[in-house]
Number of protein chains: 8
Amino acid sequence: MPEVILGEGKSVAQLRGIVRALRARGVGALVSRPTRAQRRALASPAGGNLRLRTLAEGRLLQLPGPWGGSFRRGTVAVLAAGTSDVAVAEEARAVLVALGIRVEGAYDVGVAGLHRLMRALRRLERHHPEIYLVFAGREGALPTVVAGLVPAPVIGIPTSVGYGRGGGGRAALTAMLQSCAPIAVFNIDAAVPAALFAAQHLARSPRRSSGGRRRSPPRRR
Amino acid sequence: MPEVILGEGKSVAQLRGIVRALRARGVGALVSRPTRAQRRALASPAGGNLRLRTLAEGRLLQLPGPWGGSFRRGTVAVLAAGTSDVAVAEEARAVLVALGIRVEGAYDVGVAGLHRLMRALRRLERHHPEIYLVFAGREGALPTVVAGLVPAPVIGIPTSVGYGRGGGGRAALTAMLQSCAPIAVFNIDAAVPAALFAAQHLARSPRRSSGGRRRSPPRRR
Amino acid sequence: MPEVILGEGKSVAQLRGIVRALRARGVGALVSRPTRAQRRALASPAGGNLRLRTLAEGRLLQLPGPWGGSFRRGTVAVLAAGTSDVAVAEEARAVLVALGIRVEGAYDVGVAGLHRLMRALRRLERHHPEIYLVFAGREGALPTVVAGLVPAPVIGIPTSVGYGRGGGGRAALTAMLQSCAPIAVFNIDAAVPAALFAAQHLARSPRRSSGGRRRSPPRRR
Amino acid sequence: MPEVILGEGKSVAQLRGIVRALRARGVGALVSRPTRAQRRALASPAGGNLRLRTLAEGRLLQLPGPWGGSFRRGTVAVLAAGTSDVAVAEEARAVLVALGIRVEGAYDVGVAGLHRLMRALRRLERHHPEIYLVFAGREGALPTVVAGLVPAPVIGIPTSVGYGRGGGGRAALTAMLQSCAPIAVFNIDAAVPAALFAAQHLARSPRRSSGGRRRSPPRRR
Amino acid sequence: MPEVILGEGKSVAQLRGIVRALRARGVGALVSRPTRAQRRALASPAGGNLRLRTLAEGRLLQLPGPWGGSFRRGTVAVLAAGTSDVAVAEEARAVLVALGIRVEGAYDVGVAGLHRLMRALRRLERHHPEIYLVFAGREGALPTVVAGLVPAPVIGIPTSVGYGRGGGGRAALTAMLQSCAPIAVFNIDAAVPAALFAAQHLARSPRRSSGGRRRSPPRRR
Amino acid sequence: MPEVILGEGKSVAQLRGIVRALRARGVGALVSRPTRAQRRALASPAGGNLRLRTLAEGRLLQLPGPWGGSFRRGTVAVLAAGTSDVAVAEEARAVLVALGIRVEGAYDVGVAGLHRLMRALRRLERHHPEIYLVFAGREGALPTVVAGLVPAPVIGIPTSVGYGRGGGGRAALTAMLQSCAPIAVFNIDAAVPAALFAAQHLARSPRRSSGGRRRSPPRRR
Amino acid sequence: MPEVILGEGKSVAQLRGIVRALRARGVGALVSRPTRAQRRALASPAGGNLRLRTLAEGRLLQLPGPWGGSFRRGTVAVLAAGTSDVAVAEEARAVLVALGIRVEGAYDVGVAGLHRLMRALRRLERHHPEIYLVFAGREGALPTVVAGLVPAPVIGIPTSVGYGRGGGGRAALTAMLQSCAPIAVFNIDAAVPAALFAAQHLARSPRRSSGGRRRSPPRRR
Amino acid sequence: MPEVILGEGKSVAQLRGIVRALRARGVGALVSRPTRAQRRALASPAGGNLRLRTLAEGRLLQLPGPWGGSFRRGTVAVLAAGTSDVAVAEEARAVLVALGIRVEGAYDVGVAGLHRLMRALRRLERHHPEIYLVFAGREGALPTVVAGLVPAPVIGIPTSVGYGRGGGGRAALTAMLQSCAPIAVFNIDAAVPAALFAAQHLARSPRRSSGGRRRSPPRRR
């Protein structure tokens, strides 16, 4: 499982130090929410950089390397209610793809246009997704509606979309916590931990994995 | 339009005084959210009562009498997401029926069971509702979904259902304010003002009403 | 009814894609809350633009085209409590005018100067408004006071005006939800959905509309 | 000025001890928000009581005795928006009357019935009130409207009336803090400190008072 | 998967009607958070009851019957930080056991006594749990610490334990949403939906299930 | 009494229009919280300005002219707890001085240095202030402590000072509302309305003012 | 150091089990916030009790026995702002006395009566307290004022006193967190952990304690 | 003890005045949270500066000079959960070092990596710290876990790290207030007051200090 480092809140020097140490250990890692300065320093040639790969339009940086874990075959479905939720959903997709997991997506399928949503779900169901990651801002109703239509577990991730009272994802978060379907919830815009959780869902069951050392769980710092 | 008196927060003596004054003026009125003591005093024979009629299982008391307004013919649709929302929805229905307005209802049509909702909407649409009053607690998604499926205006009324963070209707209220459909919102459990607003929607347009004195709008005190 | 696209939160590329698709379908649409970059790209010649029309001093962009709906004749009244609320109120007016609905406005009629408000209401009443859209920031009292003086339904829209506790429209929103008059409420600065709701109030009643395909309700994405 | 003791939160024994000590010092005092047990113990014969006088239907107890201060002649106006606000307003009136200050009241004059309010203000203005104490729950608009109509300073006191979001006086408090008129605000249901402040407004100006020892200000404990 | 009915907020008559309908359909169901009156009416002989089985010391009622789903073999670990969290954790265990899923529990293993926690985890790991349900009130740190020590996915469920600021589970909920480990979160005391989610984690993967009709997901109403 | 216009939230064009109208009417006015652009347009020669006078280091602009009201002789005391509160306190002082009212100030007299506060109060008391305006951020304790030491009424104005939980004046506001002394409270940084209220306290009592037309109260828009 | 068990939220059976286990281990313990039923079962002869000692008027139960720790000689000062804060302060005193630590108290010394506070502090200073535990509800100013007058560290503990906005200790907590003096803060009514912290302050410094096994810190469960 | 001046919120001129006055009195002081402009004016040669020393990468400025207090020998342990918390923790360390107190630190020891934390604690324990200052953002669990492993008192300081609900240190603060260990809490990012409190813990006990004048406590302004 990849080590994930939150860029936001760290100085360029701190982040560079962490990445160098990880490279020295020879392991793969992801930097989430890098600032512009961090991206310049770590992913661009101009910055004397460390040649990290840029994913999800710059919302993630990847230090290539082995993760260690292995996964059951299977698909993760990623849905986004509106166009504004796409950027966050793409973070999750990038993490999963980096881990070698197959992703099927459906964007712009909000609950105010149910027929489109249903068409999209029919398409997705052909891939028999093992788990659904559903991103929605504003009123955050999409994961609840999806959970009523699909047989697999559903994760709701609120996005920081919307203005006024409950804006910035606050209404969506609370609505998902109140869902009348049994959906699991992550914090606002928390695409990366949600993707890691989905990966754990697909990880080979510990019982069946051939012993050896315990895989430690994904970690963010 | 009826005068509406909020029972909660008034002493029995205060409420009795108000009702007597209204009776003396010979006008109809509604008492909303009467306490048990108020109901005993105003609606039961035992309490030397004023013979108010009990509506909506005691959540409303009616002082019969003329309201004055007149309405276009037309139907109001009342939907409730879950069984727990029914009692609040019934308050709205009782107000509308007392005003002589036709109501069609559909209860237990939450968004986690979309197929049932759609069946209910097909039935309701046969009555060509002029406006929809949609009650929902928890994640409060129902009015948004309904607004995506029907051509008439939709009012969302959150109900004080649900526990934990956002419980008691708080998540539902905020979600409705954030709706990606243009729904109008009332406060938690505010069935009576929502019903009065729906009645105003059906009131004969002021332009066409044959002059005379201005009808004053519904009022609560 | 117009499709409404929230500009805020979308990249210029995303928004351009949506507008092009709508133009291809030949339908009218509105872009609300466009960012400066979006306005440049979509409405100015310099940006190789799509020639959208700028409304309400740039707070709305219009993709001209047919909407489909039709409306009863009738006037919508738009009131703003203070000078600072005017910009938001003008968004609503622009939407309604774009839909071909007649609007009468009265600005700077806050409750601290009641005599002015009453003079304005007397003037507006001559047009027999079918519905009132009332914008107010700070303490948000105007819709409640208006609802006590006019016979038509009243919509309250809080504006993000005011500093300190309850500033940014929060006090106004909560006060409107607590109103002792039966006013319907929209979120802070939500002029566009409120205008769409008012348009629905004026839409020809579904019963009387000569069948054909169901008009779908206004939608924002 | 009277010593004011908050009953709520003290044991009967604690309160009895405080009252006995004050009686021994021979000064007047008020007990606000006494519990039922405290009232029984201090104001009823059955409880071997201390013979405090019951004011405002039991919301205040008075230990008769001299206060020390003296006041300019003048009237305090006390307004209450709804019937449910009366009990709190009566607390303020009782405090002022106990201090020998003249009070003129007008109850049930909410902003949804402006004509009644204006009639009441015309009556009150004949007494040239020096200051207005205005009680309102729900949307709390009354003090703002009053401040636009009278020449004297206005104090707003929210009352714990109303249900749903912003209920219990929270919307009213925030709305008063956001008022577009310069009103001074007290906490929810804080009738007693508001009355003491009004009394201070009427206290003989310190400059003109013939020296001697400093009058200490009213104090609650 | 079982139908789950929230008892709280429904009248005895409503709940009895729902249970009778389910029994007529011959399916299994669970009633969560039954009130005392509901328990008497539905689970005790005295109430002319429907002979529901009482689980988790009365926090759940079970209508026996087939669920339909089938599960991979595997264990769910249930941890509770303190003695006060046990009752909520037992709800989850009861649901899982009713579904025929194996559960291993460890209670009173809060983070202030790490050595005990580690001993418990060593014991649990022998059963190779597929997923961990971790209940904690107060500061809600336990799921984060557990996620750092075990290889399987971790669900955090805050419990309504603790007084003062952040009490009643509010601090725990927010802390879990902020966790630096990728844990999925449910609302305060939401043991039943968390258990259903865990069951879905163990459900036979849809791909491998031999076609037929789509299993609909668990639903609460 | 002066008309007060809130600059913040108005366009330069709107503000210029208002000021020109007021100048045409020949009355004095104040602009509070002008933005930098507004100051340039209205108070600097470069902007083709309207020659407003700059007060309180640019936090107020004054349109000179007659106010109409007249005041009892008397002093207003203005206190500020810390250096950071001074700028807000100076706004109040500027308003009062503009109205011709005498002000005595004492700054940097926070409750953590009581001896300095007491020395300052002894100095101020020599001027027999009629009313105290007390500005404090952070924990907001100063008005409570002052009210325990002086005989005149005390107004508390929280300032937007302090970081972390309760920062920006929120803790100070709530603490003042909870004060165990009868202090009147204004919103965070609301120096101007507090100063207007203090001026009203000093206004010649309406009873004694020689009739004529009613002075209307101060108004902000 | 004593084990402390929070009574609230545990069943009588659970609590009895914990107490028996502790008794079997022969160690001392405290039960905080016992419910009435717990007190009856554990501390009264009628309940076949375990003979715990009742402290602080029933807010604490003590299981006598050795604690293990040892303390420097020294006094802890306990202050309470108002009579309503005394019960909480007495909890802290009871814990300290049970640990064999000397306590000096001063009650009813709120900041609105500074002279009394100063007299009390002069008396307390004669005992050279090593640390001050200061309890205050409402505006919570007392710890800040005390910290400005004494040389030792000050702990602020808000109490759940006061009504309206910020009531129940919320204003006091936030004010203490915003204090302009370096006071350490505990949660509302958290007298027991504050007392344990004070005891740790007086514990013999680990360096000087003659080795052996590590004393584990106080713990609540 | 040092005087501490909060830079944030003061003008450069105000701050320069305060520093000059302190220099004239010949005492040492610290400026916390200086703005960039303040740093330039007070600590850089370019600004005609006052030659303050820059500490903690510019988060503190030091006016060298005697503090007056004296301390027991002893070590303060400073822990930071993540790399992002280091800058705040370094503020505390700088204050303590400036006071001549020995500090041992351990950074990047979050609870998701317990083994690293335990290794760090074993190293720190060799220095027998008298008190622990523990900095953590996000879920804020570290101080609780540390308090379960060390014998000395523990102070929790939340840091403004983390996004979404509870971000910016809000979850960490509330979690620390709810801790099941008796930890004392400071406001978000309040490293300086926490360090001053730790210094007071190490100050020579007042009893043993050889009389003379009372040391006044640390103060911030």
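Residues numbered from 1 in each chain as written. Chains lettered and ligands numbered in written order. Predicted model: local features only at pLDDT ≥ 70, side-chain atom pairs only at ≥ 80, totals over all residues. Heavy atoms only, no water.

### Examining the pattern of salt bridges
Here comes step 1: According to the stated counting rule, one finds 56 salt bridges over all chains in the structure shown.
Here comes step 2: Residue Arg116(A) pairs with Asp108(A) through a salt bridge whose shortest N-O separation is 3.4 Å.
Here comes step 3: The class for Arg116(A) is partly exposed, based on a relative accessible area of 37%.
Here comes step 4: A relative accessible area of 16% means that Asp108(A) is categorised as buried.
Here comes step 5: In this structure, the salt-bridge partner of Glu104(E) is Arg102(E), at a minimum N-O distance of 3.7 Å.
Here comes step 6: According to the relative accessible area criterion, Glu104(E) is buried, its value standing at 18%.
Here comes step 7: By relative accessible area, which is 45% here, Arg102(E) ends up partly exposed.
Here comes step 8: One connected set of salt bridges, linked through shared partners, spans Glu8(A), Arg33(A) and Asp189(A). (Salt bridge = Lys/Arg side-chain N within 4 Å of Asp/Glu carboxyl O. Buried < 20%, exposed > 50% of the residue type's maximum accessible area, 1.4 Å probe, protein only.)

### Some points on the relation of the copies chain H and chain F
Here comes step 1: Under the fitted operation, chain H is carried onto chain F by 0.1 Å of movement along the axis and a turn of 90°, and the coordinates agree to an RMSD of 0.0 Å. Viewed as a symmetry operation, the transformation between the two copies matches a four-fold axis. (Least-squares fit on C-alpha atoms with pLDDT ≥ 70 in both.)

### Structural notes on the domain arrangement of chain A
Interface size is often expressed as the accessible area that is lost when the parts come together.
All names here are of chain A.
Here comes step 1: You can read the domains of chain A as domain 1 (3-63) and domain 2 (75-204).
Here comes step 2: Every contact between the two is made by nine residues of domain 1 and, on the other side, ten residues of domain 2.
Here comes step 3: A buried area of about 740 Å², summed over both sides, lies between domain 1 and domain 2, and 69% of it is on carbon and sulfur atoms.
Here comes step 4: Its largest share of buried area at the contact with domain 2, domain 1 owes to Arg33, Arg59 and Leu60, together 52% of the area lost on that side.
Here comes step 5: The tally of links between domain 1 and domain 2 comes to two salt bridges.
Here comes step 6: Between Arg59 and Glu91 there is a salt bridge, and its shortest N-O distance comes to 2.9 Å.
Here comes step 7: On inspection of domain 1 and its partner domain 2, the count reaches one residue pair in polar contact (both at pLDDT 80 or more).
Here comes step 8: Among the elements of the structure, strand S2 (29-32) and strand S4 (60-63) are those that each provide at least two residues to the side of domain 1 that touches domain 2. (Domains from an automatic or database assignment. Contact = heavy atoms within 4.5 Å. Buried area = accessible area lost by both parts, 1.4 Å probe. Polar contact = N/O pair within 3.5 Å; in protein donor to acceptor, adjacent residues only side chain to side chain. Helix = DSSP H or I, 4+ residues; strand = E, 2+ residues; numbered from the N terminus.)

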